Amino acid sequence: MVRSLSSISKRSKTIKTTQKITNAMKLVSISKLQQFKLKLKQFEVVLENLSPVDSESSISDKPVLYVAFYPDLGLVSYYTRLLNQMIAKLDKPKLYVLGTQGYEWLKRNEYEVLNELVHSEHLDIESFLEICKLYMDLYQIVILMPKYASNGELSFELMKTQKVMKKRYNQVYEPNYETANKAFQSSYLKSALVNGYYASKVIEYTIRRVAMEKATESADGMLHDLKLQYNRLRQERITEELSDLMSEEG
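Remember, predicted model here, so these are calculated numbers, not experimental data.

Reading the values: rules and limits
Residues numbered from 1 in each chain as written. Predicted model: local features only at pLDDT ≥ 70, side-chain atom pairs only at ≥ 80, totals over all residues. Heavy atoms only, no water. Salt bridge = Lys/Arg side-chain N within 4 Å of Asp/Glu carboxyl O. Helix = DSSP H or I, 4+ residues; strand = E, 2+ residues; numbered from the N terminus. Patch = residues over 30% accessible without salt bridge, like charges linked within 9 Å, V, L, I, M, F, W, Y side chains within 5 Å. Areas by Shrake-Rupley, 256 points an atom, 1.4 Å probe, with all protein chains shown as cover. Lys, Arg positive; Asp, Glu negative; His and termini not counted. Charge placed at Lys NZ, Arg CZ, Asp CG, Glu CD. Pairing = 2+ DSSP bridges. Contact = heavy atoms within 4.5 Å. Axes fitted to C-alpha atoms, helices over the stretch in contact; angles between N-to-C directions.

**Student:** Help me understand the pattern of salt bridges in this model?
**Tutor:** Should their charged atoms come close, side chains of opposite charge can pair. Taken as a whole and judged by the stated rule, the model has 9 salt bridges. Among the ionic pairs, aspartate 54 bridges to lysine 166, the shortest N-O distance being 3.8 Å. Separated by 112 residues along the polypeptide, aspartate 54 in the loop between α1 (5-50) and β1 (55-57) and lysine 166 in the loop between β7 (163-165) and α5 (177-249) bring together distant segments of the chain. Salt-bridge contacts for lysine 201 lead to glutamate 204; the nearest nitrogen and oxygen are separated by 2.8 Å. Separated by 3 residues within a single helix, lysine 201 and glutamate 204 lie in helix α5, roughly one turn from each other. A cluster of three or more residues bridged by salt bridges with shared partners is formed by Lys32, Glu121, Lys201, Glu204 and Arg208.

So this is what it looks like as structure tokens:
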């Protein structure tokens, strides 16, 4: 398709404007990513401190409640799509959902979502944990935990939060085993949920940052091609004008 110099120039200006937007979005994503990475690291330490507690997964006949973390913002459809696929494989799951991107899809497909719409970007963590603590008495809470490999592959694993302390008769529990065990279960559940939330946000902003980097690189490539087109067309015009001048002089 033959383009005029003015159309190429206009196209270049449009791409440069878009590139400024993607660069700004990339910087925001990097900033958010660093914030959530720091918070995730803090709560990983909490989980690590709970790990040495002599505990085991408990067997329960309670129904399972799956906790799923969705994004609120766009440009991470890969994450949302894989999470939807994971949920589709579950057998009639009951769900507690944070984030807006998948909420309508779940409702439209008649999944049993126990909560109203909750935004994940500015989550009130204390309220979220209190609600989940109440659900703990009724359900086995399982987190749909996102895992992001170094090669960019995303997957979701089922993380069970139902654990009990092993009762050792040569060990003293204050004030008693039942109270200590209940405190451990509550702490483990809260730490796992917060860890899952921050892990999901880290992965979300990693994917968004990569998308913005690719968009910026793509814009660089388009600008380079347009510059070549512009210079080639300009040279052709100059050659034509010189040829016309020489023809008139001849």
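Past the structure itself, the notes keep going.
**Student:** Would you explain a positive patch on the surface in this entry?
**Tutor:** A cluster of like positive charges, contributed by Lys10, Lys13, Lys16, Lys20 and Lys227, occupies part of the molecular surface. Broken down by element, the residue count for the positive patch peaks at 4 residues, all from α1. Residue position: lysine 13 is located in helix α1.

**Student:** Is there a simple way to think about the pairing of strand β6 (residues 154-160) in this case?
**Tutor:** In regular strands, side chains alternate between the two faces of the sheet. Of the strand pairs in this sheet, strand β5 (residues 140-148) and β6 are connected by 7 bridges, and their pairing is antiparallel. Along β6, the bridge assignment pairs isoleucine 143 with methionine 159. Where β5 hands over to β6, the hairpin turn is made up of 5 residues, of which glycine 152 adopts a positive phi near 90°.

**Student:** Teacher, can you tell me more about the sheet that holds strand β4 (residues 112-113) here?
**Tutor:** Sheets are built from strands that pair by backbone hydrogen bonding, the pairs being arranged parallel or antiparallel. Taken together, 5 strands build an open sheet; the order of strands is β4-β3-β2-β5-β6 and the sheet is mixed. Pairing within the sheet leaves two strands with one partner each, and these edge strands are β4 and β6. Helix α2 (residues 77-88) rests against β2 (64-69), β3 (94-98), β5 and β6 of the sheet, and its axis sits at about 45° to β6. Across the face of the sheet, helix α4 (residues 125-136) comes into contact with β2, β3 and β5 while running at roughly 170° to β3.

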